Amino acid sequence: MLIKFFRNGKGTGAGPVGYLVADKVLAYDDNRDLIRDADGQPVTVTREPLPEVLRGNPDRTEALIDASRHQWTYRAGVISFAAEDAPTEEQQAEVMV
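Residues numbered from 1 in each chain as written. Predicted model: local features only at pLDDT ≥ 70, side-chain atom pairs only at ≥ 80, totals over all residues. Heavy atoms only, no water.

**Quick look at the packing of aromatic side chains**
Going through the model one piece at a time under the given rule, you end up with zero aromatic pairs. Over the face of the ring belonging to W72 we find K10, whose NZ or CZ atom lies 4.8 Å from the ring centre. Geometry around Y19 places R47 over its ring, the cationic atom sitting 4.4 Å from the centre. (Phe/Tyr/Trp six-rings, centres within 6.5 Å; stacked < 30°, edge-to-face > 60°. Lys NZ or Arg CZ within 6 Å of the ring centre and 35° of its normal.)

**A word on the environment of V97**
For V97, the position within the fold is in the segment after α3 (89-96). Along the chain, V97 and T61 lie 36 residues apart, while their C-alpha atoms are 16 Å from each other. (Helix = DSSP H or I, 4+ residues; strand = E, 2+ residues; numbered from the N terminus.)

**A closer look at a nonpolar patch on the surface**
On the surface, M1, I3, F5, L54, I79 and M96 cluster together into a nonpolar patch covering about 600 Å² of accessible area. Among the structural elements, M96 can be located in helix α3. (Patch = residues over 30% accessible without salt bridge, like charges linked within 9 Å, V, L, I, M, F, W, Y side chains within 5 Å. Areas by Shrake-Rupley, 256 points an atom, 1.4 Å probe, with all protein chains shown as cover. Salt bridge = Lys/Arg side-chain N within 4 Å of Asp/Glu carboxyl O.)

**Digging into unusual backbone geometry**
Note that the residue after E48, namely P49, is joined by a cis bond; omega there is 0°. At R32, a residue that is not glycine, the phi angle is positive and equals roughly 65°. The residue R32 is located in the loop between β2 (24-26) and β3 (44-46) in this model. Under the relative-accessibility criterion, R32 is labelled exposed at 60%. (Buried < 20%, exposed > 50% of the residue type's maximum accessible area, 1.4 Å probe, protein only.)

**Quick word on the side chain of R47**
Mapped onto the secondary structure, R47 falls in the loop between β3 and α2 (58-67). Despite its burial, R47 pairs with no opposite charge, the nearest such side chain being D23 at 7.0 Å. Among the polar contacts listed, one links the side chain of R47 to the backbone oxygen of Y19, at a separation of 2.9 Å. A polar atom in the side chain of R47 sits 3.2 Å from the backbone oxygen of A22. With residues near it in sequence (within four places) discarded, R47 still touches Y19, L20, V21, A22, D23 and V25. (Lys, Arg positive; Asp, Glu negative; His and termini not counted. Polar contact = N/O pair within 3.5 Å; in protein donor to acceptor, adjacent residues only side chain to side chain. Contact = heavy atoms within 4.5 Å.)

**Focus on the environment of A27**
Relative to the elements of secondary structure, A27 occurs in the loop between β2 and β3. For A27, a relative accessible area of 6% corresponds to the buried category. It is 7.5 Å that separates the C-alpha atoms of A27 and P42, two residues lying 15 residues apart in sequence. Aside from chain neighbours lying at most four places away, what touches A27 is D33, L34, I35, V43, T44 and V45.

**Here's the deal with the packing of helix α1 (residues 14-21) against α2**
Each pair of packed helices can be summarised by the angle the axes make with each other and by the distance between the axes. For the pair α1 and α2, the least separation of the axes is 9 Å and the interaxial angle reads 160°. Accordingly, the angle class assigned to the pair α1 and α2 is roughly antiparallel. Handedness of the crossing formed by α1 with α2: right-handed. The residues of α2 that touch α1, namely those facing A14, P16, V17 and V21, are P58, T61, E62 and I65. For the contact of α1 with α2, a count of residues per class yields six nonpolar, one polar and one charged. (Axes fitted to C-alpha atoms, helices over the stretch in contact; angles between N-to-C directions. Parallel < 35°, antiparallel > 145°, perpendicular 65-115°, else oblique. Left-handed = near helix turned anticlockwise from the far one by under 90°. Nonpolar A, V, L, I, M, F, W, Y, C, P; charged D, E, K, R; others polar.)

By themselves, these are just geometric observations and shouldn't be taken as functional.
Here is the structure:
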């Protein structure tokens, strides 16, 4: 299992919250370079599996970020595991507390 926190973020909540719940996102290659089509437009891909909110409310989270008066308005992170880890729902809930 991988648990990682990223640098603090600035700005409104629409960016980070929208990204987390979006079905389609920008496509990147193995070097993390944006993939573009023949016309130079960014390519999007549909996530597989689609995002699923397990705890919390995206609209409320966005509103809380937007209400922050601080320079750094949010902190993002990721909890990721390989398929062979197969954590139970109880183990997942314990990590999210």
